[in-house]
Amino acid sequence: MLVKVLAKSSFSSFVGALGDYGDLYAPVKTSEKVHSFKEIESLTDIDLSYTRTMIPPKKFFIHPEEVIFEFNIDEELYIEPPGGDERIVLFGVHSCDINALNLLAKVFTEELPDKYYLERKERSFIVGVSCVPDEYCFCHSTGTSYAQEGFELFLHDIGDSYFVRVGSLKGHEFIATHPSLFEAAEQSHYDSFKDAERKMYASFTNELEMAGLQDLLDMAYESEVWTEYGDKCLGCGSCNLVCPRCRCYDVEDHINLDLNTGERVRKWYSCMLSEHGLVAGGHNFRPTARERIRNRFNCKGSLREDMPNCVGCGRCTVFCPAEIDYVEVMKKVRGDLK
Amino acid sequence: MKVNPLEPMKAKITEIETMTEIEKLITIKLHDREYAESFSYTPGQFVTLGVMGVGEAPISICTAQNDELELEFCIRNAGRVTNAIHKLKVGDTVWGRGPYGNGFPMDVYEGNDLLLIAGGLGIAPIRGVLQYALQNREKYGDISVLYGVRCYDLMLFKDDMLDYFRNGDRHGVKFYLSYEDKEDQVCYGLACERDDRCMHGMVTDLFKKIDRPSKKTYAIIGGPPIMYKFTIMQLEKLNFRPERVYMTLERRMRCGVGQCGHCIVGTGKSIKYVCKDGPVFTLWDAMNTKGMI
Ligand SMILES: Cc1cc2nc3c(=O)[nH]c(=O)nc-3n(C[C@H](O)[C@H](O)[C@H](O)COP(=O)(O)OP(=O)(O)OC[C@H]3O[C@@H](n4cnc5c(N)ncnc54)[C@H](O)[C@@H]3O)c2cc1C
Ligand code: SF4
Ligand code: SF4
Ligand code: FES
């Protein structure tokens, strides 16, 4: 991996140069408890000390609601909406969210490549930034506290400067066209980088033992845990919307008042809503909160049979109105908590 | 040709047959000849059929691949989309995506006996299996079909089924029929015609009528969720090995391609998407995937 160093004194020139690639989005504090990836007007809006945004960066690749086809009944046509050509820079993305995007890409680009996802990925420039975990983060447990790929540049704070990892050709080209911003990395920079990583790793207070969790979830299928937390759950679906790994969507056809034209819309959906498992004839495969919360945690246990589907960002715990704690539930599944 | 996999392809309805009060058999022909010619499928696969402005629903292809380039679907009027399809006439346009899902592995069954068990709408995919096996009759051993209906009026594919019932020996299939409504005169008549092949009761009662299946039999089930439990109990009594029992499952589906998450089953150990990992699974899959049946 190519590595460079960016002096903090060059920070504003760096951000300015990023803006040349496309519209710049970065974490902005929008209220007491909430950060959000927003388009940046002025450098001072950016708050890189954030822990997590409420809505994860998946919103840039799979929009919360988007037209996938326009249709015309008389002309018998489904038309793909124009793809758009705006290029975006996502600045300040944490490792957990980059790893979440990498997993999301598996769903949307392997097997049947989703054109909308691919185009947006193509037109984006992702800049990661190192972070300090709070009491809800457990990404060191899920193995996602470090991003190996899925970004153009990754900035690690090493005091007076950033240790910059170059993750893609696009990232390399950016450096090549802005040579004055970067310095070569010396041994001392590598040492500081490793120190910073070690410190970050040592500062986690929340932890979830992952070994064997998939088997333990299987064995806990009839466990009381699901009744206990199912009874608490309000079925609001927030945990799905804030999760960087949740990807369920619903599809609706909207017809216009001319009764001829309209749109097929895809929008984020939630497995915690009762209709998720309902089929024609009124049979529901997940009729109560118990089955739904069980399904959600099992799905989090594995995207497919080989991959945890959670990156330990802590969002579902922080934003659950019923104060259901993800790690606590999994610890009960493990039998670590009674 | 198709670029975006989510883009529905145009098709014309070429024939409509009203089968029951709520089910119609709809034949369609894909508009794009190239697409139609490349449309190759195995029984048990499905298509998402749609009406523009209304939506899409997953529907099993109920035929075996043939040269006509036509596809048949047995569609129950169960809600918004299926109701809209029921309102269409011959010549109208429908939209399809697919074929999706794994389908029944007809090649795996070669050289073996087949025991097909169907109830209700489950006969739709099973009919495709039967057609395929009869088109390739030399590849399979004994073929038996157990079909359960509530009453004669609700029997699907009546012409086909009665033909198999009456002339099964000529086609090379032993066809058994059960009916639930004791008062049903037509079914009673059939039972009088062949009391070794037709009886009042549930589809599982037909196990009393059949010869003991050989060790090299594959059981293939299609029906409502409740039927699986009882059928599997019977098969286990007959010592069927779990990898020799196949079934097709229903779940809510939106995408059909493993993206939308609706059709998920299983646990952290065994997550499956019914649309792409299924809808056909073995009993062994089910034993290892909690919540599947
Ligand atoms: C692999 C597979 C193969 C299938 N094969 C066939 C087949 O060959 N023939 C066939 O007829 N059917 C088949 N089905 C079933 C068929 O897909 C459903 O009947 C169909 O999707 C119903 O869609 P609809 O829009 O008509 O009904 P919907 O309008 O979706 O509703 C049907 C019912 O579902 C419930 N419902 C749905 N959405 C909502 C909601 N948003 N809120 C509340 N309730 C809701 C209600 O109870 C409603 O009455 C198959 C299904 C699968 C998965
Ligand atoms: S956020 Fe909490 S209350 Fe809402 S659906 Fe999720 S678990 Fe239930
Ligand atoms: S399940 Fe919770 S902790 Fe895990 S990635 Fe989703 S929101 Fe974050
Ligand atoms: S139907 Fe969308 S994932 Fe299976």
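Residues numbered from 1 in each chain as written. Chains lettered and ligands numbered in written order. Predicted model: local features only at pLDDT ≥ 70, side-chain atom pairs only at ≥ 80, totals over all residues. Heavy atoms only, no water.

S.K.: What should I look at first to understand the overall build of chain A in this one?
M.R.: If you tally the helices and strands in chain A, you get eleven helices and twelve strands. Against the compact-globule benchmark of 20 Å for 338 residues, chain A has a radius of gyration of 22 Å, which places it among compact chains. In terms of principal-axis extent, the alpha carbons of chain A reach across some 65 × 60 × 40 Å. Here chain A holds 338 residues, and the buried ones make up 54% of them. Restricting to contacts in chain A with at least 6 residues of sequence separation, those with at least 24 account for 73%. Of the accessible surface of chain A, which amounts to about 15000 Å², a share of 52% is contributed by carbon and sulfur atoms. (Helix = DSSP H or I, 4+ residues; strand = E, 2+ residues; numbered from the N terminus. Rg over C-alpha atoms; globule rule 2.2 N^0.38 Å. Buried < 20%, exposed > 50% of the residue type's maximum accessible area, 1.4 Å probe, protein only. Contact = heavy atoms within 4.5 Å. Areas by Shrake-Rupley, 256 points an atom, 1.4 Å probe, with all protein chains shown as cover.)

S.K.: Looking at this structure, how should I read the sheet that holds strand E10 (residues 198-200) of chain B?
M.R.: Backbone hydrogen bonds hold the strands of a sheet together, and the pairing may be parallel or antiparallel. Residues and elements named next belong to chain B. Reading across from one edge, E10-E9-E8-E7-E11-E12-E15 is the order of the seven strands in this open sheet, with mixed pairing throughout. Edge strands, defined here as strands with exactly one partner in the open sheet, are E10 and strand E15 (280-282). Strand-to-strand twist in this sheet, taken as the mean axis angle between neighbours without regard to direction, amounts to 15°. The sheet contact formed by strand E11 (residues 217-222) and strand E12 (residues 245-248) spans four bridges and is parallel. Within E12, the position partnered with Ile220 by the bridge is Tyr246. Packed on one face of the sheet, helix H3 (residues 123-135) meets strand E7 (113-119), strand E8 (143-149), E11 and E12 and runs near 155° to E7. Contacting strand E9 (174-179) and E10, helix H5 (residues 185-193) runs over the sheet at an angle of about 140° to E9. (Pairing = 2+ DSSP bridges. Axes fitted to C-alpha atoms, helices over the stretch in contact; angles between N-to-C directions.)

S.K.: What exactly am I supposed to notice about the sheet that holds strand E5 (residues 77-79) of chain A here?
M.R.: Residue and element names in this part refer to chain A. Pairing is antiparallel across the open sheet formed by four strands, whose spatial order is E5-E4-E12-E11. This sheet does not close on itself; its edge strands, each paired only once, are E5 and strand E11 (249-255). Across the sheet, the mean angle from the axis of one strand to that of its neighbour is 25°, orientation sign disregarded. Alignment of strand E4 (residues 65-72) against E5, held across three bridges, turns out to be antiparallel.

S.K.: Explanation requested: the interface of chain B and chain A in the structure shown.
M.R.: Size of an interface: often given as the accessible area lost when the parts come together. Contact residues are listed per partner, giving 40 residues for chain B and 47 residues for chain A. Buried surface at the junction of chain B and chain A, both sides included, amounts to about 3900 Å², of which 53% is carbon and sulfur. On the chain B side of the interface with chain A, the three residues burying the most area are Met52, Arg252 and Gln259 of chain B, jointly 18% of the side's total. There are six salt bridges connecting chain B and chain A. Here Lys12 of chain B and Glu76 of chain A are joined by a salt bridge, their closest N and O atoms 3.8 Å apart. At the boundary of chain B and chain A, one finds 21 residue pairs in polar contact (both at pLDDT 80 or more). Those elements that provide at least two residues to the side of chain B that touches chain A are strand E1 (9-18), strand E4 (55-60), strand E6 (93-100) and strand E14 (272-273) of chain B. (Buried area = accessible area lost by both parts, 1.4 Å probe. Salt bridge = Lys/Arg side-chain N within 4 Å of Asp/Glu carboxyl O. Polar contact = N/O pair within 3.5 Å; in protein donor to acceptor, adjacent residues only side chain to side chain.)

S.K.: Hey, could you run me through a nonpolar patch on the surface in this one?
M.R.: Residue and element names in this part refer to chain B. Taken together, the side chains of Ile226, Phe230 and Met233 make up a nonpolar region of the molecular surface, amounting to roughly 300 Å² of accessible area. Along the chain, Ile226 turns up in helix H6 (residues 225-237). The exposure class of Ile226 is exposed, given its relative accessible area of 54%. (Patch = residues over 30% accessible without salt bridge, like charges linked within 9 Å, V, L, I, M, F, W, Y side chains within 5 Å.)

S.K.: What should I look at first to understand the pattern of salt bridges in this one?
M.R.: Pairing is possible between side chains of opposite charge, provided their charged atoms come close. Residue and element names in this part refer to chain A. Counted according to the given criterion, the structure contains 36 salt bridges over all chains. Taking the shortest distance from any N to any O, the salt bridge between Lys115 and Glu80 comes out at 2.8 Å. Of this pair, Lys115 sits in helix H3 (residues 115-122) while Glu80 sits in the loop between E5 and strand E6 (88-93), placing them 35 residues apart in sequence. With relative accessibility at 24%, the residue Lys115 sits in the partly exposed group. A salt bridge links Glu252 to Lys267; the shortest N-O distance between them is 3.4 Å. Of the two residues, Glu252 sits in strand E11 while Lys267 sits in strand E12 (residues 261-268), which places them 15 residues apart along the sequence. A single network of salt bridges, built from pairs that share partners, joins Glu80, Glu86, Lys115, Glu119 and Arg123.

It is worth stressing that arrangement in space is one thing and function is another; only the former is reported here.
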